[in-house]
Amino acid sequence: MGEIETIGFHYVVEAAGCDPEVLGNADKIRQIFLEAAKVGNMEVKSSYFFKFSPTGVSGVVIVAESHISVHTWPEKGYAALDVYTCGTKADPEKAVDYILEQFKAKYAHVSEIKRGIEEDDDTFTHMIMTWEEALRRNGNGGG
């Protein structure tokens, strides 16, 4: 057994133009996240989703590789999405793409943070790469 790998990839996503009906439905988001974990080759351990009154959902799926989480504002068509995985087995970018597709997002601002980069003095750092995407939905929109 080798050393434990600290390197992880954390996707922080601002998803806009999403379907308010999906964003307001905790059960639907749970289904989307469980499928996203499969798509991203992650092993689900637990999940919890909470529906706020009058609107919005917060939820998390704990995976062996780390987590997928969200907080939604259906009235604004906005979701704050996090997907974080450690190691090399998982494909978090596939999970992010699946969630954005299911949320029917029209736009995403994505930061990919490479975390747990070990430095020589027993400290850790991270590196950030950021991009924006206009997503094609129903044949309209940019790309």
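Computed from a predicted model, the values in this text were never measured in an experiment. (Residues numbered from 1 in each chain as written. Predicted model: local features only at pLDDT ≥ 70, side-chain atom pairs only at ≥ 80, totals over all residues. Heavy atoms only, no water.)

Visitor: Could you give an account of the packing of aromatic side chains, with specific residues and numbers?
Guide: This structure, assessed with the given rule, holds four aromatic pairs. Between Phe33 and Phe49, the ring centres sit 5.7 Å apart and the planes meet at 75°, which makes this aromatic pair edge-to-face. Taken together, the residues span a long stretch of sequence, with Phe33 in helix α2 (residues 26-39) and Phe49 in strand β2 (residues 44-51) at a distance of 16 residues. Residue Phe33 is classed as buried on the basis of its relative accessible area, which comes to 0%. With centroids separated by 4.9 Å and ring planes inclined at 75°, the aromatic side chains of Phe50 and Phe52 adopt a geometry described as edge-to-face. Here a set of aromatic residues connected by ring pairs shows up, and it is made of Phe33, Phe49 and Phe103. Here the basic side chain of Arg115 rests over the ring of Tyr84, its NZ or CZ set 4.8 Å away from the ring centre. (Phe/Tyr/Trp six-rings, centres within 6.5 Å; stacked < 30°, edge-to-face > 60°. Helix = DSSP H or I, 4+ residues; strand = E, 2+ residues; numbered from the N terminus. Buried < 20%, exposed > 50% of the residue type's maximum accessible area, 1.4 Å probe, protein only. Lys NZ or Arg CZ within 6 Å of the ring centre and 35° of its normal.)

Visitor: Before we move on, could you go through the pairing of strand β3 (residues 57-63) and cite the residues and values that matter?
Guide: The alternating pattern of β3 places Val57, Gly59, Val61 and Val63 on a buried face, while none of Ser58, Val60 and Ile62, on the opposite face, is buried. As defined by bridge partners, β2 adjoins β3 across seven bridges and the pair is classed as antiparallel. When the bridges of β3 are listed, Ser46 appears paired with Ile62. Remark: five residues form the turn of the hairpin made by β2 and β3, two consecutive strands paired antiparallel; Gly56 in that turn has positive phi of roughly 105°. Across six bridges, the pairing between β3 and strand β4 (residues 66-73) is antiparallel. Counted as the bridge partner of Val60 is Ser69 from β4. With antiparallel pairing between neighbouring strands as the criterion, β3 and β4 make up a hairpin whose turn holds two residues. (Pairing = 2+ DSSP bridges.)

Visitor: Residues and numbers for the UniProt feature "active site" (unreviewed entry) in the protein, please.
Guide: Sequence positions flagged by UniProt for "active site" (unreviewed entry) are, in local numbering, Ser66, His71 and Cys86. Here Ser66 lies in strand β4. Setting aside residues up to four positions removed in sequence, Ser66 forms contacts with Val61, Tyr84 and Thr85. With respect to the secondary-structure elements, His71 resides in strand β4. Once residues within four sequence positions are removed from consideration, His71 is found in contact with Phe52, Val57, Ser58, Tyr78, Ala79 and Ala80. Here the side chain of His71 touches Ser58 through a polar contact of 2.2 Å, side chain to side chain. (UniProt positions renumbered as here; feature names shortened; annotations may be inferred. Contact = heavy atoms within 4.5 Å. Polar contact = N/O pair within 3.5 Å; in protein donor to acceptor, adjacent residues only side chain to side chain.)

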